[in-house]
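# Structural overview
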Amino acid sequence: MNPMAEDNRHLDDDDERLLMIVEDDEAFARTLARSFERRGYTVLHAESLEQMEALLAQHTPGYAVVDLKLKGEATGLTCVRKLHAASDDMLIVVLTGYASITTAVEAVKLGACHYLAKPSNTDDIEAAFGFTEGNEEVELSNRSSSIKTLEWERIHEVLAETGFNISEAARRLGMHRRTLTRKLDKRRV
């Protein structure tokens, strides 16, 4: 079990600012946790779906930050669904380096209040917790999607369908795995 999760055995579930971070990049999670702790949050950290479920059995956080792409079989979308099932009042923000409209829509349908592309800082995430209502004043674009944008959306749609399995996504897209990897590396946010 991860050391940050072990240190959280003594937490009180009545803590209104209890935050769960579901992130497999330990250095990023540690930095994010420290930043939120300085803002008065009590932080739980899980590196996987299994660790998150173990923490949820003991605690009910009011906030969660979930990475979309986790190591292993589970995706952040599965985590969002389970977090929302544990508490429909929990404010969940999804972070991803592989932003797409498809995954953003699915994350919100599953219970996330917001979806942010990496790199996002603590200010961005904390502000996103406050965006629980839609904004009808948002500016609409007159531009149609470019071919590159449509390709990018299709790639991410297939990645989400395959649980971010690069080899299977490449096969379904009819391209070589290395070609897909290069495209992902070029557009990484």
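Residues numbered from 1 in each chain as written. Predicted model: local features only at pLDDT ≥ 70, side-chain atom pairs only at ≥ 80, totals over all residues. Heavy atoms only, no water.

The residue Phe164 is not glycine, and still its phi comes out positive at about 65 degrees. Among the secondary structure elements, Phe164 is positioned in the loop between helix H7 (147-161) and helix H8 (166-173). (Helix = DSSP H or I, 4+ residues; strand = E, 2+ residues; numbered from the N terminus.)

Before going further, it helps to examine the sheet that holds strand E1 (residues 18-22). One open sheet holds the five strands; their spatial order is E2-E1-E3-E4-E5, and the pairing between them is parallel. Edge strands, defined here as strands with exactly one partner in the open sheet, are strand E2 (42-46) and strand E5 (114-117). Within the sheet, the average angular offset between the axes of one strand and its neighbour, ignoring direction, is 20 degrees. Of the pairings in the sheet, the one linking strand E3 (residues 63-67) to strand E4 (residues 91-96) comprises five bridges and is parallel in character. Within the sheet, the bridge partner assigned to Val66 lies in E4 and is Val94. Most of the contacts of helix H3 (residues 49-58) go to E2, to which it runs at about 140 degrees, and overall it touches E1 and E2. (Pairing = 2+ DSSP bridges. Axes fitted to C-alpha atoms, helices over the stretch in contact; angles between N-to-C directions. Contact = heavy atoms within 4.5 Å.)

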